[in-house]
Amino acid sequence: MDKDLKPDRAAEEDDYSLFYCKPKFLQCCNNAKGFLVIYSIFAIVAGSMVGGITNTNIAALERRFGLDSSQSAIIVVSYDIAFCILTVFVTYFGARSHVPRLIAAGAILFGAGALVYAIPHFTTDLYNFVSVSLVDTCNITEIECSLHEGDDSYNMYILLFGQVLMGCGTTPLYTLGIAFIENSVPKNVAPIYIGIANACSLFGPVIGFTSGGAFLSNYYVDFDTVNNISPNPDDPRWVGAWWIGPLIMMVLCWCTVIPFAGFPKQLPGTAKYRAERQSEIHQTVDLEQIEKRGSQNTIRNFPFAIKSLLKNLTYVLIILAGCASGGAVSGATSFLSKFIQNEFHITAGNAAIYAGAVLVPGAAAGHIVGGVCISQLKWKTPSIIVYCLILSFLACLLSPSMLLYCENIKVAGVTASYGSDRSSLVNVNLTAPCNAPCSCQNEFYKPVCGADDLTYFSPCHAGCHSSLDESEYFKLYSNCSCVASNAIDNNSKVLDTASTATSGFCENSCENVKIFLPLIFFLAFIVFQTHTAATVITFRIVPESLRCLAVGLAWLFFRALGTIPGPIMFGKLTDQTCILWQVRRCDGSRGSCWIYDSANMGLTFMILVLVGHLLALICYGLMVFAYKPPLPVESDRSADEDRKPQCTEKQFDNPIFVHEDTLSFMCLKFKHNFTSLNMLKCLIMCLSV
């Protein structure tokens, strides 16, 4: 039993109230299930915005404001930075406060952040892509720069500030909120509640990816002010309406403020559930000192509370495992839609939908399955640690799925040379003798497919002098000198259609995305089972009075060492795989990346994901030996001996030495006749305890 329970905590349990009124018809919601429903709504909204819409908007924001991957990564991690700064203080000083009202205040901040995030759309000039029409076809005269053109990258700081506000708003939700739920239900069902809560946090990105992808594909960024839209969604210059989603999430988030504020400081039955729990606190924790000095959350006791947690080796290892896995997961998920777009040559909107369709359901299912397994099989802490170890090993096996990609589209002067040989280029050079007199611009990517089945950067780079046919989304160009020269090289004569080109890329027959998406689903399903399991372990191995702080401190390290550097590292290394950057014609400055090297991008993602899961695997392996369960109470010792399963050397033909202090039956030493079958038996028994 936890020794630091307070007898007067039952007095903090009250009815559900709205503006000092306590309607009877609302009292049926005054329980853990009712709180979980409102928590889930806020978590879904926050997940939709932060985990879905923000990630799907990366490519659009880079194109709209001229950002590179490193800058967009900073925007993404600014949310984590704000969360990281506040989490320890909120969890320590807020643990004794009115948690539901703190979460309500966080919802107000989150909605304000979503509003700030959308502001650049209303304060910036219309998206300028029409200058491309000046050099759409071959033009002998030099194009003059427009003095009106400017740098919109300053909007990065407005987007960053919006992310910071949203990070501040979700800090009470993901720390105090999850601890509030865990304290309000019996121990055996707590993993299910935690799994559902975490799953809802990840179900939100399903909505975010789907709605964000729909807005990006179907609505032009300035559709509210522009009627005639020239580019189509397949055009690389296209920028979708990235700002609609944040405004919708703002309204939905503010709708949860009043329901949260109505819950009491403690739900009915909380004190009873706390008193009935059997302790699984790590053996080295000094409960007496914590009871004396840590029962009151004051500034004076703050260093002692931090020190008490960091002396818990199992707790430190669970943090390090989360940092390693979280860095890989956050980085990969932040750029997954961009990865799919570039590796499989899919539009930004469809890539976002595909990413959400496999990543988020897999993650949500992983959270729920993890919670159900722990609850229904009644695993103790050692068994849960072994469970995480096995899952991390499986994640390592699936990490090479990132090597599935489609070869780069043959683009003249970029990934293939001009002419008939189509050989790969060492140095990118869009200029060739056939288009040298045309004064072509390199700022905007407007690909055309020549009759020679070679993609060109623009009609001008294909040497096209005129447009034969025009429609809203299709153009046919003629008299294309580069296409004609290729046709002469291949066929020794010029055909009637040999000098034509059509708007868009040449067809790509690669279908590796059909294999890639199911593998990513299973990878997410496996990885996110460990997240729920790690949360349950954290609650069980620390004293009850320090649980909120333990969650907050864990989140601090997860963000500082995992989810913050993860996207930055992915973004920085992704930039290294770019083979063609946008170059602004007026000042020569670099914009966003037009074309990435598919092979290098796939290899980069695979290495980062694999290293993260390998480090997590090592941490879970060390945790098996580090965890020491509390010594049983003398009165319970005989009962424990009666129900304790026996795993002797005789049962396994003397293959292993079993650790008697834990009930995990993890193999600590292997004898000379050790076999893989015996190891499998051992692992099965570990999970059956």
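Caption draft 1: Region of the structure containing the overall build of the chain. A tally of regular secondary structure across the chain gives 22 helices and nine strands. For the chain, buried positions account for 56% of its 689 residues. Sequence-distant contacts, at least 24 apart, represent 78% of the contacts inside the chain between residues at least 6 apart. Accessible surface, the chain: about 28,900 Å² in total, of which carbon and sulfur atoms supply 62%.

Caption draft 2: Seen up close, the packing of helix α12 (residues 313–334) against helix α18 (residues 547–563). Two numbers describe how α12 lies on α18: the axes approach to 8 Å, and their chain directions differ by 40°. Taken together, the axes of α12 and α18 are oblique relative to one another. For the pair α12 and α18, the sense of crossing is right-handed. Side by side, α12 and α18 meet where Y315, I318, I319, G322, C323, G326, G327 and S330 of the first sit next to L549, A550, L553, A554, F557, F558, L561, G562 and T563 of the second. Here the residues of the contact of α12 with α18 are counted per class, giving eleven nonpolar, six polar and no charged.

Caption draft 3: Quick peek at the state of the cysteines. Across all of its chains, the model carries six disulfides by this definition. Between the sulfur atoms of C464 and its disulfide mate C480 the distance is 1.9 Å. Its torsion about the S-S bond being 100°, the disulfide of C464 and C480 is classed as right-handed. Separated by 16 residues along the polypeptide, C464 in strand β3 (residues 464–470) and C480 in strand β4 (residues 475–480) bring together distant segments of the chain. With respect to burial, C464 and C480 carry one shared label: buried.

Caption draft 4: Representation of empty space enclosed by the protein in the model. For the coordinates displayed, the defined rule picks out nine cavities of 30 Å³ or more. Computed from the structure, the largest cavity encloses a volume of approximately 1,100 Å³. Around the largest cavity, the lining comprises 45 residues; the ones closest to its centre are L202, F528, H531, W555 and R559. Only α1 (32–56), α3 (69–94), α5 (155–183), α6 (190–218), α12, α14 (348–376), α17 (513–541) and α18 provide two or more residues apiece to the lining of the largest cavity. Broken down by element, the residue count for the lining of the largest cavity peaks at nine residues, all from α12. Tallied by class, the residues present in the lining of the largest cavity amount to 23 nonpolar, 20 polar and two charged.

Caption draft 5: Focus on the side chain of T500. Mapped onto the secondary structure, T500 falls in the loop between α16 (481–491) and β5 (501–503). Among the residues examined, T500 registers a relative accessible area of 16% and is labelled buried.

Caption draft 6: A look at unusual backbone geometry. The backbone of K378 sits at a positive phi, close to 55°, despite the residue not being glycine. Owing to a relative accessible area of 63%, K378 belongs among the exposed residues under this scheme.

Caption draft 7: View of the environment of L202. Residue position: L202 is located in helix α6. Spatially, the C-alpha atoms of L202 and G52 are 9.1 Å apart, while their sequence positions differ by 150 residues. Discounting chain neighbours no more than four positions away, the residues touching L202 are V360, A363, A364, H367 and F528.

Caption draft 8: A look at the nonpolar core. Y39, W242 and Y315 are the most contacted members of the largest nonpolar core, which has 153 residues in total. Looking at which element gives the most residues to this core, the answer is α17, with 15 residues. Ignoring sequence-local partners within four residues, the contact set of Y39 consists of L173, Y174, G177, I178, I181, A197 and F260. One finds Y418, A432, A462 and Y477 within the second-largest nonpolar core, a separate group that totals 14 residues.

Caption draft 9: Highlighting the packing of helix α13 (residues 336–343) against α14. Viewed as axis vectors pointing N to C, α13 and α14 meet at an angle of 125°, and their least axial separation amounts to 8 Å. By the angle between their directions, the pair α13 and α14 is classed as oblique. In this structure, the crossing between α13 and α14 has a hand that is right-handed. Together, L336, S337, I340 and Q341 of α13 and A348, A351, A352, Y354, A355 and L359 of α14 make up the contact between the two elements. Partitioning the contact of α13 with α14 into residue classes produces eight nonpolar, two polar and no charged.

Caption draft 10: Seen up close, the side chain of T532. With respect to the helices and strands, T532 occurs in helix α17. T532 sits in the buried class, given a relative accessible area of 0%. When near neighbours in sequence (up to four residues on either side) are disregarded, T532 contacts P191, I194, G195, N198, H367, G370 and G371.

Caption draft 11: Layout of the pattern of salt bridges. All told, the structure shown has three salt bridges when counted by the stated rule. The salt bridge involving E511 is made with K514; its shortest N-O contact spans 3.3 Å.

Caption draft 12: Here's a closer look at a nonpolar patch on the surface. Judged by side-chain polarity, L403, L603, I607, V611, L615, I618 and L622 come together as a nonpolar surface patch covering roughly 590 Å² of accessible area. Considering the arrangement of structural elements, one finds L622 in helix α20 (residues 598–626). When its relative accessible area of 47% is taken as the criterion, L622 is described as partly exposed.

Each value, and the rule that gives it
Residues numbered from 1 in each chain as written. Predicted model: local features only at pLDDT ≥ 70, side-chain atom pairs only at ≥ 80, totals over all residues. Heavy atoms only, no water. Helix = DSSP H or I, 4+ residues; strand = E, 2+ residues; numbered from the N terminus. Buried < 20%, exposed > 50% of the residue type's maximum accessible area, 1.4 Å probe, protein only. Contact = heavy atoms within 4.5 Å. Areas by Shrake-Rupley, 256 points an atom, 1.4 Å probe, with all protein chains shown as cover. Axes fitted to C-alpha atoms, helices over the stretch in contact; angles between N-to-C directions. Parallel < 35°, antiparallel > 145°, perpendicular 65-115°, else oblique. Left-handed = near helix turned anticlockwise from the far one by under 90°. Nonpolar A, V, L, I, M, F, W, Y, C, P; charged D, E, K, R; others polar. Disulfide = S-S within 2.5 Å. 1 Å grid on protein atoms, 1.4 Å probe; cavity = no way out; pocket = protein on both sides within 12 Å on 5 of 7 lines; lining within 4 Å. Points joined across faces, edges and corners; volume = space filled by probe spheres on them. Core = buried A, V, L, I, M, F, W, Y, C linked by side-chain atoms within 4.5 Å. Salt bridge = Lys/Arg side-chain N within 4 Å of Asp/Glu carboxyl O. Patch = residues over 30% accessible without salt bridge, like charges linked within 9 Å, V, L, I, M, F, W, Y side chains within 5 Å.

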